[in-house]
Amino acid sequence: MRKVVTSMLALRLYREHDARLEEVPEPELRPGAVKVKVAWAGICGSDLSLFETAPVPLDYSNPIMQETGPHTLGHEFSGYVTEVAEGVTTVQVGDLVAVRPNFADGTCPSCQAGHPNMCDNFAFIGINGWGGGFSESVVVPADHAYVLPPGFNAQIAALIEPLTVAWHAVKLAEIPKDGTALVVGAGPIGLSTVLALRAQGISKIIVSEPSEARKKLAAEVGADLVIDPRETDVVAAVRDATGGRGADVSFEASGIGKATLQPAIDALCTAGRAVILASFHGDVPTDVMPFLTKEKVLTGSFAYTAQDFSDVRDAVVDGRITPDALISSRIQLSDVLDSGIKHLLGEGRTTEVKILVSPS
Ligand SMILES: [Zn+2]
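Structural notes, computed from the coordinates. (Residues numbered from 1 in each chain as written. Predicted model: local features only at pLDDT ≥ 70, side-chain atom pairs only at ≥ 80, totals over all residues. Heavy atoms only, no water.)

**Description of the overall build of the protein**
At step 1: A count of helices and strands for the protein gives 12 helices and 18 strands.
At step 2: Projected onto the principal axes, the alpha-carbon positions of the protein cover approximately 75 × 40 × 40 Å.
At step 3: In the protein, which comprises 360 residues, the proportion classed as buried is 55%.
At step 4: In the protein, of all internal contacts separated by at least 6 residues, the share reaching a separation of at least 24 is 72%.
At step 5: Taken as a whole, the protein presents about 15,600 Å² of accessible surface, with 52% of it coming from carbon and sulfur. (Helix = DSSP H or I, 4+ residues; strand = E, 2+ residues; numbered from the N terminus. Buried < 20%, exposed > 50% of the residue type's maximum accessible area, 1.4 Å probe, protein only. Contact = heavy atoms within 4.5 Å. Areas by Shrake-Rupley, 256 points an atom, 1.4 Å probe, with all protein chains shown as cover.)

Shown next as structure tokens:
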């Protein structure tokens, strides 16, 4: 019998500023995998960077994914399971799942040292191959599909991935229980950081953000002080709010440059820790003396582990995190380029937070 291959719509990246919505064959089920019919997929800041810079050459094949481009975009997604490979028992047909898109080889020095999120060969569904969320169906290994309870909101499930990025950063920061956190930038990751801080028991949260819409959201999701850096000296305001001491931890979630990184360092208390969560482009000159004389620490936080992902799944299910406010628009897959990616690179930059895309 001849097998009928059906096609589906997918957004695939060819080169800088060249992503194409096109018909591609539906992916076939592999051993140990499940097929997920995409419900919702979020557009991430890194999708915008990928669209603008196309850093993965078309002929490059990641050692884990073993696939050359063009690759489908979209790594923040949820969907319903339509097929399950033989022997898979953790996921059933009909389950709503959130997909953890990152992969590690398990064998490199970073993996061996216990840092799978920073695997030397790390790969993402939606960046390096194996399809992506901006399509109708994706086949993923069963252990990357995190099951949600029946009736759970599929839009919230699509937010688990960006929330987990923030969750990992907050865990890494080891903030004292009564400590103060400064979040610089209230885009999707900054707002997710506020939610993760709350869920991990930190309640003294200061946010610096110039956009009116995002300032409002920051207060809504749990910041107790929101500063507009165009009107107020961020460092002075943080010192004021902490009795002169400074913040225990800061999270740089804007990636603008010295203008946003330096206050994140200067607003810290002695031995405080600044965590970089945003991608920066180019050099960022900074005064290094506070690292010497105040033993401040500057670190980054990259992606997340499998444990982080299941911790956040549990937190959205039991209501410790309610991220609904992050969703600013819902669009169709057929509009993902104009109303999604290009809109976010233009006027949507300050008005939108998270745009969710649905193929149906
Ligand atoms: Zn590795």
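**Description of the coordination of the zinc ion**
At step 1: The coordination sphere of the zinc ion, as far as protein atoms go, consists of Asp-105 (OD), Cys-108 (SG), Cys-111 (SG) and Cys-119 (SG), spread over 2.1 to 2.4 Å.
At step 2: Coordination of the zinc ion draws on donor residues from a single chain, spaced D-x2-C-x2-C-x7-C in sequence. Of this pair, Cys-108 sits in the loop between β7 (102–103) and α2 (109–112) while Cys-119 sits in the loop between α2 and β8 (123–124), placing them 11 residues apart in sequence. An identical accessibility class is assigned to Cys-108 and Cys-119; each is buried. (Donors = N, O, S within 2.8 Å, 3.2 Å for Na, K, Ca; no water.)

**Comments concerning the sheet that holds strand β11 (residues 180–184)**
Adjacent strands of a sheet pair through backbone hydrogen bonds, lying either parallel or antiparallel.
At step 1: Strand order in the open sheet made by the six strands is β13-β12-β11-β14-β15-β16, with parallel pairing throughout. Each end of this open sheet is capped by a strand with a single partner; those strands are β13 (225–227) and β16 (297–300). Taken pair by pair, the neighbouring strands of this sheet meet at an average axis angle of 20 degrees, ignoring direction.
At step 2: As defined by bridge partners, strand β15 (residues 268–276) adjoins β16 across four bridges and the pair is classed as parallel. Within β16, the position partnered with Val-275 by the bridge is Thr-299.
At step 3: Sitting on the sheet, helix α8 (residues 258–266) is in contact with β11, β14 (247–252), β15 and β16, with an inclination near 145 degrees to β15. (Pairing = 2+ DSSP bridges. Axes fitted to C-alpha atoms, helices over the stretch in contact; angles between N-to-C directions.)

**Considerations on a nonpolar patch on the surface**
At step 1: A cluster of nonpolar side chains, namely Met-118, Phe-122 and Phe-302, defines an oily patch on the protein surface of about 260 Å² accessible area.
At step 2: The exposure class of Phe-122 is partly exposed, given its relative accessible area of 35%. (Patch = residues over 30% accessible without salt bridge, like charges linked within 9 Å, V, L, I, M, F, W, Y side chains within 5 Å. Salt bridge = Lys/Arg side-chain N within 4 Å of Asp/Glu carboxyl O.)

**Describing the sheet that holds strand β1 (residues 7–15)**
At step 1: Ordered by their spatial adjacency, three strands build an open sheet running β2-β1-β4, and the pairing between neighbours is antiparallel. For this open sheet the edge positions go to β2 (18–25) and β4 (71–72), each flanked by a neighbour on one side alone.
At step 2: Bridge analysis of β1 against β2 gives eight bridges, and the strand direction is antiparallel. Bridge pairing links Arg-15 to Asp-18 in β2.

**Structural notes on the pairing of β1**
In summary, the side chains of a regular strand alternate between the two faces of the sheet.
At step 1: Counted between consecutive antiparallel strands, the loop separating β1 from β2 contains two residues, among which His-17 sits at a positive phi close to 60 degrees.
At step 2: The pairing of β1 with β4 spans two bridges and is classified as antiparallel. Pairing of Arg-12 across the sheet is with Thr-72, part of β4.

**Examining unusual backbone geometry**
At step 1: Pro-70 follows Gly-69 through a cis peptide bond whose omega is 0 degrees.
At step 2: Checked against the element boundaries, Pro-70 lands in the loop between α1 (45–53) and β4.
At step 3: Even without a glycine there, the phi angle at Ala-303 is positive, about 50 degrees.
At step 4: Here Ala-303 shows up in the loop between β16 and α10 (306–317).
At step 5: A relative accessible area of 9% places Ala-303 in the buried class.

**Section: the packing of helix α4 (residues 160–173) against helix α5 (residues 188–199)**
At step 1: In the contact formed by α4 and α5, the axes pass within 8 Å of each other and the chain directions differ by 55 degrees. Classified by the interaxial angle, the pair formed by α4 and α5 is oblique. The element α4 and its partner α5 pack so that their crossing is right-handed. Residues Pro-162, Leu-163, Val-165, Ala-166, Trp-167 and Val-170 of α4 form the contact with α5, whose own contacting residues are Ile-189, Ser-192, Thr-193, Leu-195, Ala-196, Leu-197 and Ala-199.
At step 2: Among the residues making up the contact of α4 with α5, the classes are represented as 11 nonpolar, two polar and no charged. (Parallel < 35°, antiparallel > 145°, perpendicular 65-115°, else oblique. Left-handed = near helix turned anticlockwise from the far one by under 90°. Nonpolar A, V, L, I, M, F, W, Y, C, P; charged D, E, K, R; others polar.)

**Let's talk about the packing of aromatic side chains**
At step 1: This structure, assessed with the given rule, holds five aromatic pairs.
At step 2: For the pair Tyr-146 and Phe-309, a centre-to-centre distance of 4.7 Å together with 50 degrees between the ring planes defines the contact as tilted. Taken together, the residues span a long stretch of sequence, with Tyr-146 in strand β10 (residues 145–147) and Phe-309 in helix α10 at a distance of 163 residues.
At step 3: For the ring pair Tyr-304 and Phe-309, a centre distance of 5.9 Å and an interplane angle of 55 degrees mean the geometry is tilted.
At step 4: Here Tyr-304 falls in the buried class, since its relative accessible area comes to 1%.
At step 5: An aromatic cluster is built from Phe-122, Phe-124 and Phe-302, whose rings are joined through pairwise contacts.
At step 6: One Lys or Arg, Arg-30, reaches over the ring of Trp-130 and ends 4.6 Å from the middle of that ring. (Phe/Tyr/Trp six-rings, centres within 6.5 Å; stacked < 30°, edge-to-face > 60°. Lys NZ or Arg CZ within 6 Å of the ring centre and 35° of its normal.)

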